[in-house]
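Chain and residue survey
Letter by letter, the chains look like this.
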Amino acid sequence: MSQVMISVRGLKRSFGKLEAVKDVSFDIQRGQVVGFIGANGAGKTTTMRMIATLETPDAGEVHICGEDAIDDPNAVRSKIGWVPDEFGRYQNMTIYEYLDFFARAFDYRDQERLNRIQEVMDFTGVTDLKDRFIDKLSKGQGQRVCLGRALLHDPEVLLMDEPAAGLDPKARMELKSLIRILAEEGKTIFISSHILSELSEICDTMIFLEQGQVLHHGGAEELKRGAKEGVCIKVKVLNDSKVLEEWVEMNPGVRLLDLNNKGGRLIFDEGSDELVAETLKRMINEGLQVIEFNREEKTLESAFVDLLNQAEDKELLTP
Ligand SMILES: Nc1ncnc2c1ncn2[C@@H]1O[C@H](COP(=O)(O)OP(=O)(O)OP(=O)(O)O)[C@@H](O)[C@H]1O
């Protein structure tokens, strides 16, 4: 049975005149891995800090596993693991001492504490590093220790703010595989990033935030389908490419991008296969000497840019 683990309703937060989070609402079901995507300054960290009980909203509600984050933050804190983008790297403290400190704070005692620390060190792959000082760790090692700390009390919900930022490709792969294992265990994972491709393959669903507002909440494929520019066909012609430009001007519903002396990209506003086939056939029948057609998959990034443009056209985004 589905269960809402994170429920956010009408969340708002301003800093002076700046409305960092304008009116954000969404529900996240148990076991979902959710990508929280947005440009720098879109309001991701502010939203996540409100979910993590670190920031008080000006308006709105947050519930985690049914617990009210504003009325009962302690109940929420026991359900969440918070992985900030940068964690406090105390001096002269080893990884083991760091995890031991937090395990004691979570009231693990005696053998149970030793066992729990060992479990998270093994899981995050830092057992061999346990005597290293945490202020001397690399970005990736530090990130693993931070994840280990967040997992000590076995939270149901994991909130990770830009966990992949600054990691090399290998560390990123390792992080993704840890996230996958946690998701298979049934944890609900909410991860922010400003890099779309970083999250698309591990997330079940994505929430796009722009200027403190949710622009899209759904899967990657849904986003691509919903994008306005349905199909892009790269065309090379033998004629002078000016002929291609003139032909496009006479054909509504098709636009030309990236024109060069060999051709360009045809963008179909409505991208049904029938329309594409009919248009390409007409193009040849009307005298264009086509030497190559190449259908290009819409990338998630360009789908997102379309979404932004559509929102701006509809004036959904307020300045
Ligand atoms: N404590 C604060 N005081 C004043 N302004 C703040 C504060 N925290 C955030 N802001 C502003 O609120 C806006 C949203 O910031 P936030 O950190 O939530 O964005 P973000 O999407 O996480 O960005 P990034 O990807 O760069 O971390 C930004 O314009 C930021 O400068």
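The structure displayed is predicted, hence computed values, not measured ones. (Residues numbered from 1 in each chain as written. Predicted model: local features only at pLDDT ≥ 70, side-chain atom pairs only at ≥ 80, totals over all residues. Heavy atoms only, no water.)

1. Re the sheet that holds strand 7 (residues 157-161)
- Read from one edge of the open sheet, six strands run 6-7-8-3-9-10, paired in mixed fashion. In this open sheet, the two edge strands, each paired with only one partner strand, are strand 6 (80-83) and strand 10 (213-218). Averaged over all pairs of adjacent strands, the angle between strand axes in this sheet comes to 15°, irrespective of strand direction.
- Running at roughly 160° to strand 6, helix 5 (residues 139-151) makes contact with strand 6 and strand 7 of the sheet.
- Those strands touched by helix 6 (residues 169-184) are strand 3 (33-37), strand 7 and strand 8 (188-193), and its axis lies near 150° from that of strand 8. (Pairing = 2+ DSSP bridges. Helix = DSSP H or I, 4+ residues; strand = E, 2+ residues; numbered from the N terminus. Axes fitted to C-alpha atoms, helices over the stretch in contact; angles between N-to-C directions. Contact = heavy atoms within 4.5 Å.)

2. Side note on the site of the ligand
- The immediate surroundings of the ligand are formed by Phe15, Leu18, Ala20, Ala39, Asn40, Gly41, Ala42, Gly43, Lys44, Thr45, Thr46 and Glu162.
- Between the ligand and the protein, one listed contact pairs an oxygen atom with a backbone N or O atom of Gly41 at 2.7 Å.
- Side-chain polar atom of Thr45 to an oxygen atom of the ligand: 2.7 Å apart, as the coordinates give it.
- Contact with the protein chains hides 59% of the accessible area of the ligand, taken as 640 Å² for the molecule alone.
- Put simply, the parts of the chain that give the shell around the ligand at least two residues each are strand 2 (18-29) and helix 1 (44-51).
- For the shell around the ligand, the leading source of residues is helix 1, giving three residues.
- When grouped by side-chain class, the residues that make up the shell around the ligand number five nonpolar, five polar and two charged. (Near = heavy atom within 4 Å. Polar contact = N/O pair within 3.5 Å; in protein donor to acceptor, adjacent residues only side chain to side chain. Areas by Shrake-Rupley, 256 points an atom, 1.4 Å probe, with all protein chains shown as cover. Nonpolar A, V, L, I, M, F, W, Y, C, P; charged D, E, K, R; others polar.)

3. What about unusual backbone geometry?
- Within the chain, Thr53 stands out as a residue other than glycine whose phi angle is a positive 65°.
- Structurally, the position occupied by Thr53 is in the loop between helix 1 and strand 4 (59-64).
- Here the phi dihedral of Glu162 falls at roughly 50°; this positive angle occurs in a residue that is not glycine.
- Relative to the elements of secondary structure, Glu162 occurs in the loop between strand 7 and helix 6.
- Classification of Glu162 by relative accessible area gives buried; the value is 11%. (Buried < 20%, exposed > 50% of the residue type's maximum accessible area, 1.4 Å probe, protein only.)

4. Digging into the packing of helix 3 (residues 95-105) against helix 4 (residues 110-124)
- Contact geometry of helix 3 with helix 4 gives a least axis separation of 10 Å together with a crossing angle of 125°. Classed by the angle they form, the pair helix 3 and helix 4 counts as oblique. Crossing geometry of helix 3 relative to helix 4 is assigned as right-handed. Together, Tyr96, Leu99, Asp100, Ala103 and Arg104 of helix 3 and Arg113, Leu114, Ile117, Val120 and Met121 of helix 4 make up the contact between the two elements.
- Taken together, the residues of the contact of helix 3 with helix 4 sort by class into seven nonpolar, no polar and three charged. (Parallel < 35°, antiparallel > 145°, perpendicular 65-115°, else oblique. Left-handed = near helix turned anticlockwise from the far one by under 90°.)

5. Notes on the sheet that holds strand 1 (residues 4-15)
- Pairing within the open sheet is antiparallel, and its four strands lie in the order 2-1-4-5. Either end of the sheet is taken by a strand with one partner, and the two such strands are strand 2 and strand 5 (67-68).
- Relative to strand 4, strand 1 runs antiparallel, the two sharing five bridges. Bridge pairing links Ser7 to His63 in strand 4.
- In the packing of helix 1 onto the sheet, the strands contacted are strand 1, strand 2 and strand 4, and the crossing angle to strand 1 comes to about 125°.

6. Brief notes about helix 5
- An ideal rise of 1.5 Å per residue puts 18 Å on 13 residues; helix 5 measures up with 18 Å between its terminal C-alpha atoms.
- Taken across its 13 residues, helix 5 has eleven buried, putting it largely inside the fold.
- Regarding helix 5, the residues found buried are Gly140, Gln141, Gly142, Gln143, Val145, Cys146, Leu147, Gly148, Arg149, Ala150 and Leu151.
- Its buried side turned inward, helix 5 meets strand 6, helix 3, helix 4, strand 7 and helix 6. (Expected span 1.5 Å × (residues − 1).)

7. Focus on helix 9 (residues 241-249)
- For helix 9, the full list of buried residues reads Ser241, Leu244, Trp247 and Val248. Each buried residue of helix 9 lies within a common arc of 110° when the element is viewed along its axis, so the set occupies one face.
- Here the buried face of helix 9 lies against strand 11 (231-237), strand 12 (254-260), strand 13 (263-268) and helix 10 (273-285). (Arc of directions from axis to C-beta.)

8. Overview of the domain arrangement of the protein chain
- On domain assignment, one finds that the protein chain holds domain 1 (4-218) and domain 2 (230-297).
- Look at where the C-alpha atoms of domain 1 and domain 2 centre, and you get two points 46 Å apart. (Domains from an automatic or database assignment.)

9. Thoughts on the environment of Lys242
- Along the chain, Lys242 falls in helix 9.
- For Lys242, a relative accessible area of 48% corresponds to the partly exposed category.
- Considering only alpha carbons, one finds Lys242 and Thr56, 186 residues apart in sequence, at a separation of 59 Å.

10. A look at the nonpolar core
- Ranked by internal contacts, the top residues of the largest apolar core, which has 50 residues, are Leu158 and Met160.
- Discounting residues that sit within four places of it in the chain, Leu158 has contacts with Gly81, Val83, Leu147, Ala150, Leu151, Leu182, Thr188, Ile189 and Phe190.
- In this structure, Ile6, Phe26, Met50 and Ile207 belong to the second largest nonpolar core, which totals 27 residues. (Core = buried A, V, L, I, M, F, W, Y, C linked by side-chain atoms within 4.5 Å.)

11. Section: the packing of aromatic side chains
- Counted according to the given criterion, the structure contains six aromatic pairs.
- Their ring planes at 40° and their centres at 4.9 Å tell us that Phe36 and Phe190 sit as a pair that is tilted. Taken together, the residues Phe36 in strand 3 and Phe190 in strand 8 connect sequence positions 154 residues apart. Across the pair, exposure class does not vary: Phe36 and Phe190 are buried alike.
- Through a chain of ring-to-ring contacts, three or more aromatic side chains come together here, namely Tyr90, Tyr98, Phe101 and Phe102.
- The ring of Phe102 has Arg149 sitting right over it, with the charged end atom 5.6 Å from the ring centre. (Phe/Tyr/Trp six-rings, centres within 6.5 Å; stacked < 30°, edge-to-face > 60°. Lys NZ or Arg CZ within 6 Å of the ring centre and 35° of its normal.)

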